[in-house]
Amino acid sequence: MVIDLTRCVGCQTCAVGCKIKNNLADGLWWNRVITVGGDHIDTAGGTYNHPMRYSIPLNCQNCENPICVDVCPTGASYQREEDNLVLIDYDKCIGCRACVEACPYGVRIANSEEPRYEHCNVQLGSDDVTPRYRGVVEKCTFCVERIDQGLNPVCIDVCPERARFFGDLNDEDSDVSTLIRDNPVETLHPELGTHPSIYFIPPNKKKSTRTGLDYIK
Amino acid sequence: MSTEIKTFSACVPNCWMNCRLYAHVRDGKLVQTSAAPFPDPSYNRICLRGLTHPQRVNSKDRILHPMKRVGKRGENKFEQITWEEAIEIFATNLNRLREKYGSKAVAFLPWSGSYAAINGGMPGAIKRFASIFEGTLVVDGVDFGMPTGISQVVANMAGGMASIFLGPEPKDLSYAKTIIFWGTNITDSQVHNWHFVLDAMENGAKLICIDPRYSETAAKSHEWVRVRPGSDAILALSMIQVIIEENLFNRDYCIQHTVAPFLVRQDNGLFLKQNDIDGSDNFAHLAMDAESNVIKDLDSISNPKLLGTFEVKLHNGNILQVKTALQMLKEEADKYKPSEAERITTVPAEKIVEIARIYTTNTPSTIYPGFGIDRWDNADQIGRGIATLGVITGQIGKKGASPLGAMGQSALQYTISDKVMGPWTAPSGTEAELLNFVLLQQAIISGKVDMWEPKDPSNPLAGTTSKTPVSKDWPIKGLILTTGNMVSNHAEQKVTIDEMFSEDKLDFICCIDMFMTDTARQADLFLPCTSWFENDDIVGGLHPYVMRMEKAIEPMGESKGDWEIFKLLAQKMGWGEYFKGDAKEQIDGILDVLGNLFGDHKDRILKEFKENGIARLSDPNALPFADGVFYTRTGRAEFYSEGVATVFPKSMPALQLPVNEGHNPLPHFEPPAEAWIDNPLIKKYPLALATLHTKWRVHTTFYEVPALREMDPEPVVYLNKKESSKRGLKDGDYVTVFNDRGHCVVRLVVDDSINDGGAAIPKGWQRHQFKEGGYQELTKNHINTVHYGMSFFDALVEVEKWKG
């Protein structure tokens, strides 16, 4: 994935699209949009005269070298051969939470109780999404059911600002590969060697600035 | 492979975005929504709220049966009844009120909670019923402040919201080189227009955001201009001052398409006409010829003077001083040179100069005004200022250039037009009487309404019988509400609940809704309505398309669409002939009415709609005002007018208040009614309160959605660090926000985005979601007799630690 933080306005549409499509239980989020700035969502950092803020959507980074897979004692967390997608086999998961602790991005959630849906009795979202239950860990799956049908993950297809991109990083001509080549992209926690497959284009506003020669007398 | 079936629908609350959606249905239940394609994919859209419909539609909190009040009004005690009983109660009360007080005493209030044409409020089955019943139809009243000011300059023969509809379509934003966001935070409130702005940025556009608050839009703009709330008209006038002084106005455009060269009589403020000079029947506008120094018909002058003061001899022999209209504008603007404007607005003088220069030179330039500058008693003045900026610079009627924002060319302008939808809305030939929403308070509480009385109803340009509105009897005893939540959205909530809705004043209140909103809790009769996915309907978006909404699931519980409800009521009251068939059968008739407006395009529209369920109404190449002809008295852009258009009583053309009777012909500054530095009240209540439109709700729609409440769990107030520590408050404290009108208890969020002297509470919360009170108690209905727009932000408050 490539996520363009210049375009992202923190609208939370991707977070909610995922929540509904995957029928996430009360309190669970696989994709959250984090405010960088103040201490609370949508608040600013910086100073009164020069405030700053931007947003970072955060979901499973689908690392090439996933720590979560390394620490899983049962092999429930595994990496798919064909595309390195990091998935959880709920039948094998014993809920030990080693992966939750190990993930440097905090994107895994353990179900310590039976999933709650306090306000609604209907199973929402796609019925080809595997339901989770008490005892297992869950996380973003890059909408594996959809990508296996050649579709995009839902978060890509709902973003109002067209800020999220998905494609084959091994294909040089894909949108994602092109964007990575053409922009100063960053990944999260590169020092850990996880090699996330989500690349961020840092927030920036195209600006012309005057300096030096413009002011010489 | 998932088993859901997809049908076409739409999400149409009052965010103006009107997204075409797929409804995903499994086992007869709505389980998901997603964006459905528009013929132009740049209009494809959905947002965090539109995605939560499955939670709303299936909510356990949804009311699925008719309910009758037991106990006192407002106690929120209801008992379930049958539809038969409900319609019996409804009809009995309407008949009783009509007999006792006249049919006008029953007010029907559809609002903007649903744009659907049949089951919603645009126009909606309720309007159709109201016409047949000959009741009062409550209209307008919100969103009219700033747009009325813009309409004054570009379309004062229509007035009101006309200017919004006359803007270019949203896509036009992508052609702008400069975009000024003024009093709007579209990344949050009109999220689907932002990607057009991103397109403009890719082409090197410069974004300027004028807002007291550092909003998300401000964060994404190149320049953020922090302005004192309520002072925006001064900022606009100061920019105009710079533009005239530095000769940055578009001389040719001013001469050809504005009133700039017209001469203004200094005795009565009207334009000098040929008749004034020679007593003839010729009323041509005169101007000063720069070549010959002679005052004559503008049409005979190739080079008129745009600035200057002159003398002219009138027909009666008197010598009269005249000034060009641009001279009049200059003299008004000169009151606010940048250094003086800085003193009042707090915007640095160099910044004002810089923005004025960027706007006029880095073109095409668009100004995108929004409702942050609308919710004020003085809102029409900033509207006039913004429109004036556009017309004196010629930044209008060109691709990428518009001072009217970019919400025009919409299909909605037709579905809400009484003129267009008349045959559908008034099938019996009788009509409802229109009452402005801002005056409903007067009508209910005192039985009288102050309204302008036209001298000649057939000629709105003839002015009014008196210099102030005249008192008219207008008793209201019954209130029928749908597609809205007025108890939550009407200013001065304590007056709304304790006075307007008291059992002494209103005999009968019926509320049609999905949930027990603030308004529903005050009802005598509650009727459960369907969601957008449980009916067939047709809707005009605030984009160029008209869309079909297919019934995706059966009505849940015993809920019914508004068409069904008013059909049952009509049948009971002997008017069944006007409500034959079901909602679906109305669609073709409405589409036909719309198609008839478009001449040669009718066949295309009908064909596209039939095949695809969506059709574009307006011409993609249409650019309003491209011909430089304005819908004004003179046909020119009137930054100086002979009459100030007002929206009530509703008329077409708009009733004009004559400038020679004291109404101000120019954009000017009037201080806000309450939230202003010179108001002594500011010592007691030092903070100007903004009740924000945020992404979490659309007004009050979505207030109850679980997913959204997880991220936004409770009502909050934002104060900056300085204002918080001044009051000994810490982030996370529960605080009381209060003034003489009421209070609410909310959690404090300390955020330096907020201006000194400001407080912000996101709107839409219901009273039961507060620990105490509600934010709407704090606002006031300053009734402005020009624009009749509710002025929510014109309110002062104080904040202290909650003692609870």
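Residues numbered from 1 in each chain as written. Chains lettered and ligands numbered in written order. Predicted model: local features only at pLDDT ≥ 70, side-chain atom pairs only at ≥ 80, totals over all residues.

**Considerations on the overall build of chain B**
Looking only at helices and strands, chain B has 25 helices and 33 strands in total. By the compact-globule yardstick of 28 Å for 804 residues, chain B fits well, its C-alpha radius of gyration being 26 Å. The principal-axis extent of the C-alpha atoms belonging to chain B is close to 80 × 65 × 60 Å. Within chain B, buried positions represent 63% of all 804 residues. Within chain B, residue pairs in contact and separated by at least 24 positions form 72% of the contacts whose partners lie at least 6 positions apart. (Helix = DSSP H or I, 4+ residues; strand = E, 2+ residues; numbered from the N terminus. Rg over C-alpha atoms; globule rule 2.2 N^0.38 Å. Buried ≥ 20, exposed ≤ 12 C-beta atoms within 10 Å, placed from the backbone. Contact = placed C-beta atoms within 7 Å.)

**Overview of helix α15 (residues 379–392) of chain B**
Residues and elements named next belong to chain B. The first and last C-alpha atoms of α15 sit 20 Å apart over 14 residues, in line with the 20 Å expected at 1.5 Å per residue. With 14 of 14 residues buried, α15 is to be regarded as a mostly interior element. Looking one or two residues beyond α15, the residue adopting positive phi is Gly-394, at roughly 70°. (Expected span 1.5 Å × (residues − 1).)

**As for the interface of chain B and chain A**
On the side of chain A, 42 residues touch chain B, which itself brings 45 residues to the contact. Of all the secondary structure elements, the ones that give two or more residues to the side of chain B that touches chain A are β3 (29–35), α1 (53–57), α7 (194–202), α8 (216–220) and α24 (706–711) of chain B. In terms of residue class, the side of chain B that touches chain A is built from 18 nonpolar, 14 polar and 13 charged. (Nonpolar A, V, L, I, M, F, W, Y, C, P; charged D, E, K, R; others polar.)

**With respect to the domain arrangement of chain B**
All names here are of chain B. Per the domain assignment, the segments of chain B are domain 1 (5–57), domain 2 (67–135 + 432–436 + 488–616), domain 3 (145–249 + 336–410 + 629–661), domain 4 (260–330) and domain 5 (680–801). Across the contact, eleven residues belong to domain 2 and 17 residues belong to domain 5. Elements with a minimum of two residues in the side of domain 2 that touches domain 5: α19 (486–489) and α20 (493–500). Looking at the side of domain 2 that touches domain 5, its residues break down into two nonpolar, six polar and three charged. (Domains from an automatic or database assignment.)

**Considering the packing of helix α9 (residues 232–245) of chain B against helix α12 (residues 325–333) of chain B**
All names here are of chain B. One way to put it is that α9 packs onto α12 with a least axis distance of 8 Å and a crossing angle of 120°. In terms of axis orientation, α9 runs oblique to α12. Seen from above, α9 lies across α12 with left-handed handedness. Contacts from Leu-237, Ile-240, Gln-241 and Ile-244 in α9 reach Leu-329, Lys-330, Glu-332 and Ala-333 in α12. Split by residue class, the contact of α9 with α12 holds five nonpolar, one polar and two charged. (Axes fitted to C-alpha atoms, helices over the stretch in contact; angles between N-to-C directions. Parallel < 35°, antiparallel > 145°, perpendicular 65-115°, else oblique. Left-handed = near helix turned anticlockwise from the far one by under 90°.)

**Structural notes on the sheet that holds strand β14 (residues 309–313) of chain B**
Whenever strands of a sheet pair, they do so through backbone hydrogen bonds, lying parallel or antiparallel. Residue and element names in this part refer to chain B. Strand order in the open sheet formed by three strands is β11-β15-β14, with antiparallel pairing between adjacent strands. Of all strands in the sheet, those with a lone pairing partner are β11 (263–265) and β14, marking the two edges. Pairwise comparison of adjacent strand axes, ignoring direction, gives a mean angle of 40° for this sheet. In the packing of α12 onto the sheet, contacts are made with β11, β14 and β15 (319–324), and the angle to β15 comes to roughly 70°. (Pairing = 2+ DSSP bridges.)

**Remarks on the sheet that holds strand β25 (residues 614–616) of chain B**
Residue and element names in this part refer to chain B. With antiparallel pairing, three strands are arranged side by side in an open sheet as β23-β24-β25. In this open sheet, the two edge strands, each paired with only one partner strand, are β23 (537–540) and β25. The average undirected angle you get between the axes of adjacent strands in this sheet is 15°. When strand β24 (residues 545–549) meets β25, the two strands line up antiparallel, connected through three bridges. Each residue of the ladder has a partner; that of Tyr-545, found in β25, is Arg-616.

**Quick word on the environment of Thr-361 of chain B**
Residue placement: Thr-361 of chain B occurs in helix α14 (residues 349–361). Remark: the alpha-carbon pair of Thr-361 of chain B and Thr-178 of chain B, spanning 183 residues in sequence, is separated by 9.2 Å.

**Some details on unusual backbone geometry**
Glycine aside, the phi torsion of most residues is negative, and most peptide linkages are trans. Residue and element names in this part refer to chain B. With omega at -5°, the peptide bond leading from Met-122 into Pro-123 counts as cis. Structurally, Pro-123 can be placed in the loop between β6 (106–110) and α3 (125–133). The omega torsion across Phe-648 and Pro-649 is 0°, close enough to zero to call that bond cis. Tracing the chain through its elements places Pro-649 in the loop between β26 (643–646) and β27 (655–658). Of note in this structure, Asn-247 is not a glycine but carries a positive phi near 60°. Tracing the chain through its elements places Asn-247 in the loop between α9 and α10 (251–257). Asn-247 gets classed as exposed once you count the C-beta atoms within 10 Å, which come to 8.

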